[in-house]
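# Secondary and tertiary structure notes
This is what each chain is made of:
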Amino acid sequence: MCVLFLRQRNVFFQTVPIWFNKSYRLRTGTARKWDKYDEGESVSRPGKLYSTAIDIRNTVGNVPMEWYQDYPHIGYNLDGKKIFKPIRNKDELDEFLDKMENPDYWRTVHDKTTASDIRLTDEQVDLVHRLQKGQFGDVNFNEYEPSVDFFTNEVMIHPVTNRPQDKRSFIPSLIEKEKVSKLVHAIKMGWIKPRKPKETTPQYYDLWAKEDPNAILGRHKMHVPAPKMRLPGHEESYNPPPEYLLTEEERLVWEQQDAEDRKLPFLPQKHSCLRAVPAFSRFIHERFERCLDLYLCPRQRKMRVNVNPEDLIPKLPKPKDLQPFPTTMSLVYRGHTSLVRSISASPTGQWLVSGSDDFTVRFWEVNTGRCMKTLEVGGAVKSVAWNPNPAVCLVAVCFESTVLLLNPSLGDRLVVSSTDQLITSYEPPEEDKEQAVTWALSEGPEHNKGHRLTLTHPKAVKQVVWHGKGDYLSSVMPDNSSNLQVLIHQVSKRRTQNPFRKSKGLVQCVSFHPLRPYFFVATQRYVRIYNLIKQELTKKLMTNCKWISSMAIHPGGDNLICGSYDCRLAWFDLDLSTKPYKMLRHHKKALRGVAFHRNYPLFASGADDGSVIVCHGMVYNDLLQNPLIVPVKVLKGHQITHDLGVLDVTFHPTQPWVFSSGADATIRLFT
Amino acid sequence: MGGLQKKKYERGSATNYITRNKARKKLQLSLADFRRLCILKGIYPHEPKHKKKVNKGSTAPRTFYLLKDIRFLLHEPIVRKFREYKVFVRKLRKAYGKAEWTGVERLRDNKPGYKLDHIIKERYPTFIDALRDIDDALSMCFLFSTFARTGKCHVQTITLCRRLTVEWMNYVVASRSLQKVFISIKGIYYQADVLGQLITWLVPYQFAHDHPTDVDYRVMATFTEMYTTLFGFINFRLYQTLNLVYPPKLDSKAESELKAEHEEDYAMDSESYLEKLSALSASLARVVATAEEEENQLDQFPADGNMEAREKEQKEQEDQNRLFEGLKFFLNREVPRESLAFILRCFGAEVSWDKSLCIGGTYDVTDETITHQIVDRPDIDKQYINRYYIQPQWVFDSVNAKMCLPVEDYFLGVTLPPHLSPFVEEKDGDYVPPEKLKLMALQRGEKHGKIQEEEEEEDEDEDDDDDEEEDNDEEDEDLTEEKNLKKMEDQRSQGKVRLEQEEKAEEKRLAIMMMKKKEKYLYDKIMFGKKRTTREGRTAHNNSWNGVNGMVSNVVSMWLMPFH
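Computed from a predicted structure; not experimentally measured.

So, on to the overall build of chain B. Each helix and strand counted, chain B has 22 helices and ten strands in total. Residue pairs at least 24 apart in sequence account for 60% of intrachain contacts in chain B once pairs closer than 6 positions are excluded. Per element, the accessible surface of chain B, about 33100 Å² overall, is 50% carbon and sulfur.

Here it is in C-alpha cells:
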C-alpha cells in the first residue's frame with residue numbers, strides 16, 4: 001500500500017491510496033504537460049513500460065530500502081542475483097534537466113526497490129485518474145447492475161422444509177404452567193403486589209403548615225447565615241454612565257492583574273442598545289463559585305462595632321462659653337537678634353523681661369511693645385524671673401554660672417528705691433559660713449546699669465525661680481553626678497542652702513509651691529515634691545514621659561502640669577494620684593514651656609511646632625469633681641527656626657493674655 | 001498537692017472542632033457523599049478563633065467542622081440512603097457483568113431514591129426563614145432552566161427548574177411584588193418584596209451557554225436538587241397565601257380566550273400548558289373565585305406620626321404597583337419577551353406580541369388601542385401615529401424611578417441615557433452620578449425643562465442689559481452701584497457663614513485633640529477609610545464597590561479564606 005502525492009493542475013495536493021505492492025513516486029509535471037497529455041500527443045507511444053526491456057523484480061520483500069543504503073546492491077532478482085544500484089545517482093541538476101527535457105517526466109515514477117525509473121503506460125495513468133476520481137479501477141466494471149433478489153417475495157404454497165412439527169409446539173408447557181401457577185398463587189396470597197407507578201414529579205405540600213417555634217434547634221442559634229450576593233452597582237449596567245467605564249490604561253492594568261487582585265471581577269462595558277448585549281461568559285463560573293462559597297468557605301461570627309465617628313468625639317463645652325482666653329496675636333516684641341530663651345512678666349503686668357542667646361536682657365513695656373531697656377550680660381541668658389512680690393522690683397537673670405539680681409528701675413519709683421534699700425540694708429552675720437556660691441554686691445557702673453547682686457555658682461545655671469513671697473530664690477545647675485544641683489538662696493540674708501544630700505537624677509526644673517512650704521523638683525522622668533520644713537520627700541509623681549522639659553503649678557497648688565520633649569503634657573491632680581490625671585498630646589513636637597494663669601482657669605503650652613495651645617483648666621473647689629480640661633485655642637505665629645519654635649510661654653498676671661517667646665527672636669503677645 | 005497533670009488539647013476548643021477527613025471517617029462516607037451531605041444539610045466549615053489550639057499546635061491549613069454538626073449528621077436518615085445507593089450501584093454493575101438483563105431491569109425498577117422534605121423543614125423551621133434564603137435558589141433555578149438538554153444535567157431537573165421559575169414569575173405577577181429591575185452585563189436583576197422580604201435574583205440572557213470545563217456540575221446539581229425542593233414548597237405556600245390554585249392553572253376565562261385556532265399544530269396540550277403559563281399574559285385561577293381583589297385598607301389607629309408615614313408608604317407602594325395600569329404594550333420580536341412581559345405584567349400593563357413569537361399573544365400589532373410599542377431596532381417601517389415607539393430601557397428605568405419617565409429620551413434611534421443601578425444607595429459624601437441627580441429632581445416633581453427655560457430667560461435679560469448700556473450709561477452706573485452693594489452684602493453674609501463654619505471646624509479640631517488615645521486611633525482609622533473612599537470615588541470615578549469602610553454592621557458573618 002502506498003500513498004501518492006499528485007499535484008492536480010496547479011494548485012492543491014490530493015492524497016490517493018493505490019494498492020501497489022511497492023511504493024512509487026509519480027512525479028508531477030506542469031500544467032502544460034497535462035494539457036499535452038490531454039491532447040493525446042503521447043498516445044503514439046506503445047503501451048509499454050519505459051524500462052521494461054528486462055523485467056527486474058526485487059525479491060527482498062516489503063522492507064525499508066534504507067537497509068540497503070550502505071551496500072552497492074539494492075536487492076536480489078528472481079534468479080537470486082544481486083541488483084546493483086546505478087553507478088551514479090541522479091542529483092538535483094539531473095533531475096532538473098530531466099524535468100525540462102523529458103516530455104514523459106510527469107508520468108515517470110521512481111521505483112525504489114529496483115532503483116529504476118518507470119514510465120507509466122496510458123492504461124496505468126488512466127487507472128490513477130479513475131482512482132483519483134473515486135471510480136472503480138476496472139473500466140468495465142458496472143456498478144449499477146440490476147439487483148436480483150435472493151428470495152422471492154411471492155408467498156409459496158408449500159413449506160420450504162417438509163419436517164413435521166414437534167409435539168411440544170402445540171402442547172402447553174408443563175414447566176411454564178407450574179411457574180404461572182406459582183405466580184398466581186403468590187399473587188393470591190398477596191406476596192406479589194403490582195408495581196406502583198413511579199412518581200417522577202416531586203409532590204409539594206404545605207411544609208410549614210404547623211410551624212412550631214419551639215422546633216427551632218439549638219443549632220440554628222449557632223448558624224452563621226451566608227451573606228447574600230452583593231448587589232450590582234452602576235458599573236455593572238449594560239449602559240453605565242461614562243465615568244464608570246475604564247480608561248485605556250485602567251483596562252490594561254485590569255487585564256494584567258490577577259483575578260484575585262482585581263477590584264472589579266468584570267470589565268464595565270457600554271452597549272448602545274439592549275439588542276447588542278452579549279451573553280456573560282462567566283455566568284456559570286460565578287454561580288459555581290457562589291456554590292463553592294456556600295459549602296466550602298469557613299465561616300466565623302465576628303463582632304463589629306457600628307461606630308459613628310462623630311460619636312467618638314467627646315462632647316466638650318464650647319470654647320465660646322469658656323471665654324475669656326487669648327484668641328489673636330496683638331503685639332510682636334522685636335529687638336532680640338537670637339532665640340529668646342526665657343520671658344517673665346512683672347507682678348503688676350506692666351513690664352516684661354526677656355533673656356536671649358544674644359547675651360542681652362531686654363525690658364519691654366507690655367502695652368506698647370517698646371523696649372525700655374537693654375542690658376548686656378556676659379553670656380547667653382538661660383532664664384529670667386521677675387520677683388513675684390509687687391513690693392520688690394527685682395529680676396533674676398541667669399547666664400553661664402552666674403545668677404544676677406537686677407533692679408530694672410521701672411515702674412513705681414518708691415518700689416525701686418525700697419528695693420535698693422532692701423539690698424543695701426543687709427548686715428553680714430558675725431560668723432561667716434562657708435557657702436556654695438559667692439554673693440557679690442555690684443557697684444559703680446554696673447550698679448548704674450541695674451546690677452545689684454551677683455551670685456557666682458560653681459557650675460552653669462539653667463534656671464532660676466522665685467518663691468511666691470519673693471525672698472527665696474532657687475537656681476538649678478543640672479549635673480547628674482553631684483548632689484549640688486539645686487540651690488535655694490535667701491536674698492534678704494544672702495544665704496545659700498543646698499537642700500539635697502543626694503542626687504536623684506538630672507534635675508530639669510524646680511518650682512515652689514505657691515502657698516505651702518513645698519518644693520517641686522522635676523528630674524528626667526519624675527517630679528518629686530519635698531516638704532521644706534520637715535525636710536522630707538512627700539510625693540513622687542510618675543509622669544510617664546520620657547524627658548520632662550518644663551513644669552508649672554496651679555495657683556491653687558493642688559494641680560501641676562508637666563511638659564515633656566516627647567510631645568506630651570501631663571496634668572496631675574495631686575489629691576488624686578501620683579499618676580497623671582490626663583495626658584494631652586496636643587502638640588506635634590516637643591513641648592518647651594508650660595504656664596498657668598494666676599487668676600483665670602487657663603494654661604498654655606508652647607512647643608517646637610511653633611504653636612501655643614491655650615487650654616481651659618478648671619479646678620473645682622469640690623474635691624469630688626475632677627478638673628475640667630478643654631483646649632480652647634491654638635495660637636500660631638512663631639516661625640520655626642533651626643527646628644525650634646516656641647521656647648517659653650507665660651501669662652499676664654492679671655489679664656487673660658499670654659506671651660510667648662520663640663526661636664525666631666520675637667516675643668508675641670496674644671490677647 | 002496537684003492531681004494528674006492536665007494533658008494538652010483534651011478540652012476546650014480543640015475538642016469542639018473536627019477536621020474534614022476525620023469527619024468523613026466518622027460518617028463512613030466517601031468524599032463525594034460527604035460533600036453532598038454537607039450541601040444538602042447546609043453544613044459548612046467553621047473558622048476557629050484560635051486555629052493553632054484547635055489544630056493541636058500545628059499550623060497546617062485545615063478546614064474544621066464543628067463536632068456538633070458532624071454528630072448531628074450521624075443521625076441523618078439520608079446517610080443510609082446514600083449507602084443503599086452505593087449498594088445498588090454495586091449490584092447493578094454485577095448484574096451487567098453477568099448479563100442478567102432481567103436482574104438489571106428489576107434493580108433499575110427498585111432504584112433507591114430519597115426525599116429532602118424533612119431536611120428542608122429542619123433547615124428552615126419557619127416559612128420566613130426559607131423565604132429569606134431563596135435568593136440563591138432563584139438564581140440557580142433560573143440558570144438551570146436556560147440550559148440546553150444536552151446532558152450537562154438531567155432533563156427532568158431542567159424541566160422542573162423551568163416549571164418552578166414560571167410558577168415563581170406568575171406568583172410575582174399575581175402579587176405585584178416586583179420592586180426593582182436592572183439590566184446588567186451579566187443578566188437581568190430583579191428585586192421583589194415578598195411578604196416583607198427583599199428577594200433579589202439574576203436571570204441570564206437567553207443565549208446558549210458555553211459550558212466551562214472547570215466547573216463541577218455535580219456540585220451544582222446537588223445544590224439544584226436541594227433548591228428545587230425548597231423552591232417548590234415555597235411556591236406552594238406562596239400560592240396558598242394568594243388563594244391561587246397550585247400547581248397554577250389559568251383562569252377559565254383566560255383559558256378560553258387563549259384557545260387559539262391552530263393550537264393543535266403548536267404542541268401537545270401538556271407541553272403547551274407550561275408555555276401558556278410562561279407567557280404570563282393571563283391571570284391565574286383562584287381557589288375561591290373573588291370578583292376583584294379588595295383593597296385591604298390599613299386599620300385606623302389613634303393618630304400617630306408613625307401611622308401617617310406608614311400610610312404614605314403604602315400609598316406610594318400602591319402607586320408603583322399601578323405604574324403601567326391602563327397602558328397597552330406591544331413587544332416587537334427582537335426584545336427579550338419574557339423579561340419585559342414579566343415586568344409589564346407586574347405593574348398592571350397589558351402586553352402582547354406577535355403570534356409567531358410565542359403562544360399567548362392576545363392582540364395584534366394592528367390594534368389601534370396600543371399605547372406603547374417596544375422596539376429595539378434603529379428604525380421601523382410602518383409606524384402608527386397613536387402610539388409611542390420606545391426602546392426597552394424605558395420600562396426598566398420607569399420601574400426604578402417609580403414613575404413613567406418622559407418617553408422622548410427613549411425613542412427609536414435616540415442615544416439612550418445611562419442605565420443606573422437601583423441598588424446603589426449613596427450615602428452623603430459618596431459620588432452621585434449626574435443622571436441620578438437629575439432623576440431625583442424629576443422624582444421630586446421639578447421639571448428640568450423648566451429650569452432650563454429660566455436660565456434662558458436670564459440670559460435674555462443680560463442681553464437686554466447690554467443693549468441698554470449703549471443707550472444710557474448713567475442709569476446703568478446707578479444700577480451697577482446697587483449691584484455692587486448687593487454683592488458686598490452677599491459677600492459679608494457669606495463671610496459670616498464662612499466664619500461660623502471655621503469656628504465649628506476649629507471646635508471640632510480642638511475636641512478631636514481631647515480624644516482618648518484608643519478612640520483617636522479608631523477615629524483616625526474610620527476617617528482614613530472615608531477619605532480613601534472619597535478619593536477613590538474622585539479618581540477612579542467610583543466608590544460603590546468599596547463602600548465597606550470597616551464599621552458596617554453589628555454582627556457580620558464573614559467569609560474567610562478565599563479558596564479558589
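There's more to say after this.
A few words now on the UniProt feature "repeat: WD" (unreviewed entry) in chain A. Per the UniProt annotation, the sites labelled "repeat: WD" (unreviewed entry) are residues 333-374 and 639-671 of chain A. In residues 639-671 of chain A, helix accounts for 0% and strand for 48%; the two terminal C-alpha atoms are 19 Å from one another.

Each side of the interface is counted separately: chain B has 128 residues, and chain A has 101 residues. Counting across the interface, chain B meets chain A through ten salt bridges. Note that Asp206(A) and Arg237(B) form a salt bridge whose closest N and O atoms lie 3.4 Å from each other. Summed over the shared surface of chain B and chain A, the number is 29 residue pairs in polar contact (both at pLDDT 80 or more). A per-element tally of the side of chain B that touches chain A places helix α12 (residues 217-241) of chain B first, with 14 residues. Looking at side-chain class alone, the side of chain B that touches chain A contains 72 nonpolar, 25 polar and 31 charged residues.

This next bit is on the state of the cysteines. Residue and element names in this part refer to chain B. This structure, assessed with the given rule, holds zero disulfides over all chains. No disulfide involves Cys161; its sulfur sits 4.1 Å from the nearest other cysteine sulfur, which is in Cys141. Classification of Cys161 by relative accessible area gives buried; the value is 0%.

Right, let's talk about the sheet that holds strand β30 (residues 582-584) of chain A for a bit. Residue and element names in this part refer to chain A. Spatially, the four strands line up as an open sheet ordered β27-β28-β29-β30, and their pairing is antiparallel. The sheet is open, and its two edges are formed by β27 (548-553) and β30, each paired on a single side. Direction aside, the axes of adjacent strands within the sheet are offset by 20° on average. When strand β28 (residues 559-564) meets strand β29 (residues 569-573), the two strands line up antiparallel, connected through five bridges. Across the sheet, residue Cys562 finds its bridge partner in β29, namely Ala570.

A separate point is the environment of His554(A). Residues and elements named next belong to chain A. Relative to the helices and strands, His554 resides in the loop between β27 and β28. By relative accessible area, His554 is classed as buried at 13%. Note: C-alpha distance between His554 and Gly617 (63 residues apart in sequence) is 9.4 Å. Apart from residues no more than four positions distant in its own chain, His554 is found in contact with Pro514, Asn559, Phe596, Gly617 and Val619.

Residues and elements named next belong to chain A. With six of six residues buried, strand β32 (residues 602-607) lies mostly within the body of the structure. Burial of the side chains of β32 extends over both faces: Leu602, Ala604 and Gly606 are buried on one face and Phe603, Ser605 and Ala607 on the other. Summarising the sheet, strand β31 (residues 591-596) and β32 pair through five bridges and their orientation is antiparallel. Residue pairing across strands places Leu591 opposite Ala607, the latter belonging to β32. Between β31 and β32, which pair antiparallel in sequence order, lie five residues.

Time to look at the packing of helix α11 (residues 155-175) of chain B against α12(B). Any two packed helices are characterised by the angle at which their axes cross and by the distance between the axes. Residue and element names in this part refer to chain B. Running from N to C, α11 and α12 cross one another at 30°; their axes reach a closest spacing of 10 Å. Between α11 and α12, the interaxial angle falls into the category roughly parallel. For the crossing formed where α11 meets α12, the hand is left-handed. Between α11 and α12, the contacting residues are Thr157, Leu160, Cys161, Leu164, Thr165, Glu167, Trp168, Asn170 and Tyr171 on the first element and Thr224, Thr228, Phe231, Gly232, Asn235, Leu238, Tyr239 and Thr241 on the second. Residues belonging to the contact of α11 with α12 are distributed by class as follows: eight nonpolar, eight polar and one charged.

All names here are of chain B. For the structure shown, the criterion picks out 38 salt bridges over all chains. With a closest N to O distance of 2.5 Å, Glu122 and Lys41 form a salt bridge. Pair noted here: Glu122 is in helix α8 (residues 117-123) and Lys41 is in helix α3 (residues 31-41), with a separation of 81 residues, a long-range link. For Glu122, a relative accessible area of 22% gives the class partly exposed. Given a relative accessible area of 2%, Lys41 falls into the buried group.

Moving on: the side chain of His489(A). Residue and element names in this part refer to chain A. Mapped onto the secondary structure, His489 falls in strand β21 (residues 486-490). Of the polar contacts made by the side chain of His489, one reaches the side chain of His457; its length is 3.3 Å. Engagement of the side chain of His489 in a polar contact is seen with the side chain of Thr496, the distance being 3.1 Å.

Moving on to a nonpolar patch on the surface. Nonpolar side chains collect at one region of the surface, where Leu183(A), Ile187(A), Met189(A), Trp191(A) and Ile192(A) lie side by side and expose about 540 Å² of accessible area between them. Tracing the backbone shows Ile192(A) in the loop between α4 (174-189) and α5 (218-222).

Parameters and conventions
Residues numbered from 1 in each chain as written. Chains lettered and ligands numbered in written order. Predicted model: local features only at pLDDT ≥ 70, side-chain atom pairs only at ≥ 80, totals over all residues. Heavy atoms only, no water. Helix = DSSP H or I, 4+ residues; strand = E, 2+ residues; numbered from the N terminus. Contact = heavy atoms within 4.5 Å. Areas by Shrake-Rupley, 256 points an atom, 1.4 Å probe, with all protein chains shown as cover. UniProt positions renumbered as here; feature names shortened; annotations may be inferred. Salt bridge = Lys/Arg side-chain N within 4 Å of Asp/Glu carboxyl O. Polar contact = N/O pair within 3.5 Å; in protein donor to acceptor, adjacent residues only side chain to side chain. Nonpolar A, V, L, I, M, F, W, Y, C, P; charged D, E, K, R; others polar. Disulfide = S-S within 2.5 Å. Buried < 20%, exposed > 50% of the residue type's maximum accessible area, 1.4 Å probe, protein only. Pairing = 2+ DSSP bridges. Axes fitted to C-alpha atoms, helices over the stretch in contact; angles between N-to-C directions. Parallel < 35°, antiparallel > 145°, perpendicular 65-115°, else oblique. Left-handed = near helix turned anticlockwise from the far one by under 90°. Patch = residues over 30% accessible without salt bridge, like charges linked within 9 Å, V, L, I, M, F, W, Y side chains within 5 Å.

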